[in-house]
Each structure stands twice: as C-alpha cells, then as structure tokens.
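Residue strings, one per chain:
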Amino acid sequence: MTDPQIRVLIVDDHSMLRAGFRTILDIQPDITVVGEAATGAEAVAQASALLPDVITMDVQMPDMDGIEATRRIVADPAVGAAIAIVTTFDQDDYLYQALDAGASGFLLKNAGAEDLIAAVRALAAGDGMLAPEVTRRVLARFAGASAPAPAAVRPPNPTVLAEPLTDREAEVLTLLADARSNAEIATALFIGEATVKTHVSRILQKLGARDRVQAVVLAHRMGLA
C-alpha cells in the first residue's frame, strides 16, 4: 500500500515559475501537483474544485491578490488546504496580512528547492513554515508591545484561559516555539509522536490558535520562549 500523496495547487501569474515549481514538486515521491492557477479568482475556484492539501500562493496577481484569495479559501470549510505565501516581496506588511488572512507559511521566491519541498511537507503535516529571513521580524512584531498583532493572531490573556495549559502542554509549546518537529519533540520528551499530536491539538484549542505558527507567536508573547 502506497502512502497518500500530498496534493498541491500552485498559484502564480508567471507561467515559468509555475512550471519550475511543478518540476521541483512532481518529482518527489510523496507530492503530486494537481493544478495551477494564474489569478486569485482562479485560485479560489481551483481550491474548491480540486481540494488540495497545500497551496503555494503568490501575492500580487491580476483581479484578486493572494492575500484576499487566501482569506476566501480559508473561509471555505470544504477546502481545508494549508496555504504557503510565496513571494519576492520581502516586506513586513505582506507577511502580517498573509498570517492574518489565514496563511500557515511564508517563503521568499529566492528560497532553494529543498526549502519549497520542506514547506509543502510541513504544511501537509499540520506544521507552520516561516522563511528564516522573516521569522525574527514576526516574533519581534507579535511579541513586542510596540506594535499590535493583527486581529487573527491576538492571543487571549494566558492568565484567564478557560482551561490552563498542563505542565506537559507547556513543555510541548516551548519546543514548538523552538521550531521543533513532532518527531523532535517526541524524542526530547520521551513520548510518542501520536501523543505529541494530541498535545498540540489541545494547545491550539486552549489558546484559540489556528495553527502551529500562531501557537509559536503566542508562546513568545506568553514568555515561554
């Protein structure tokens, strides 16, 4: 029995870039590109029709930008795809808007092929993925008091959580904030990966976080990292 394929939708208004992404991803034994889109509107339609696991999303495109397309796709409960924003625009506003719209990853187009592959696999596994170049700015923006986080990533007050984190959940969250994978967390805490996944699900529920990227932001704001 073969492992299930990670179904990917590539969204970019440049056909050569889409072809390059397809070449990189399609040769992976666990990844299949199921479609392409050149505009934001096409991305929304294709996401609904193809139900991919992961979408790589450009920002600036005709008729609808990638931020709005991301927002509409995330709002559709029938889709459920994880979205990685892939752009040449290394600017804070795009990053914060993307996270606020519901993206779970952010890569620059100058990233290597291995980074793209790793991002697709991470998002398919339910992990978040931020380019190393921008991670520090994300944490500085969201963890600092000088600038408010977008509405979608404003954390609850940890002292008034309806249900506080257990000691083990706090340990898992701290390791998440250190960019550890489930396997690495399991090794560090001498527990199984299935147990780690259970803890992560409970952490997201208690924090009101959409995904692991948000959980990391909250961990820094709560002083756990």
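Keep in mind it's a predicted model, so treat the numbers as computed, not measured.

**A short note on the side chain of arginine 18**
Working step 1: Within the secondary structure, arginine 18 is located in helix 1 (residues 15-26).
Working step 2: Not counting chain neighbours up to four residues away, the residues in contact with arginine 18 comprise Ile10, Asp12, Asp13, Glu36, Ala37 and Ala38.

**Focus on the environment of threonine 195**
Working step 1: By secondary structure assignment, the location of threonine 195 is in helix 9 (residues 193-207).
Working step 2: Residue threonine 195 is classed as partly exposed on the basis of its relative accessible area, which comes to 36%.

**Side note on helix 3 (residues 66-75)**
Working step 1: Listing the buried residues of helix 3 in full gives Gly66, Ile67, Ala69, Thr70 and Ile73. Down the axis of helix 3, the sector holding all buried residues measures 160°, keeping them to one side.
Working step 2: Where helix 3 begins, one side-chain oxygen reaches toward the backbone nitrogen of isoleucine 67, 3.1 Å away; that side chain belongs to aspartate 65.

**A word on the confidence of the model for the chain**
Working step 1: Averaged over every residue, the pLDDT of the chain is 82; the share at 70 or more is 79%.
Working step 2: In the predicted structure, residues 145-160 sits below a pLDDT of 50 and forms 21 contacts with residues beyond four places in sequence or in another chain.

**Brief notes about the pairing of strand 2 (residues 31-37)**
Successive side chains on a regular strand alternate, one facing one side of the sheet and the next facing the other.
Working step 1: In the sheet, strand 1 (residues 6-11) pairs with strand 2 via 6 bridges, with the strands oriented parallel. Among the inter-strand pairings, isoleucine 10 is bridged to a residue of strand 2, identified as glutamate 36.

**Examining the packing of helix 7 (residues 167-177) against helix 8 (residues 182-189)**
Working step 1: Put simply, helix 7 and helix 8 touch, their axes get as near as 10 Å, and they point 130° apart. Judged by the inter-axis angle, helix 7 sits oblique to helix 8. In the packing of helix 7 onto helix 8, the handedness of the crossing is right-handed. Two secondary-structure elements touch here, helix 7 through Arg168, Glu171, Val172, Leu175 and Leu176 and helix 8 through Ile185, Ala188 and Leu189.
Working step 2: Of the residues belonging to the contact of helix 7 with helix 8, the class tally is 6 nonpolar, no polar and 2 charged.

About the cut-offs
- Residues numbered from 1 in each chain as written.
- Predicted model: local features only at pLDDT ≥ 70, side-chain atom pairs only at ≥ 80, totals over all residues.
- Heavy atoms only, no water.
- Helix = DSSP H or I, 4+ residues; strand = E, 2+ residues; numbered from the N terminus.
- Contact = heavy atoms within 4.5 Å.
- Buried < 20%, exposed > 50% of the residue type's maximum accessible area, 1.4 Å probe, protein only.
- Arc of directions from axis to C-beta.
- Polar contact = N/O pair within 3.5 Å; in protein donor to acceptor, adjacent residues only side chain to side chain.
- pLDDT = per-residue confidence, 0-100.
- Pairing = 2+ DSSP bridges.
- Axes fitted to C-alpha atoms, helices over the stretch in contact; angles between N-to-C directions.
- Parallel < 35°, antiparallel > 145°, perpendicular 65-115°, else oblique.
- Left-handed = near helix turned anticlockwise from the far one by under 90°.
- Nonpolar A, V, L, I, M, F, W, Y, C, P; charged D, E, K, R; others polar.

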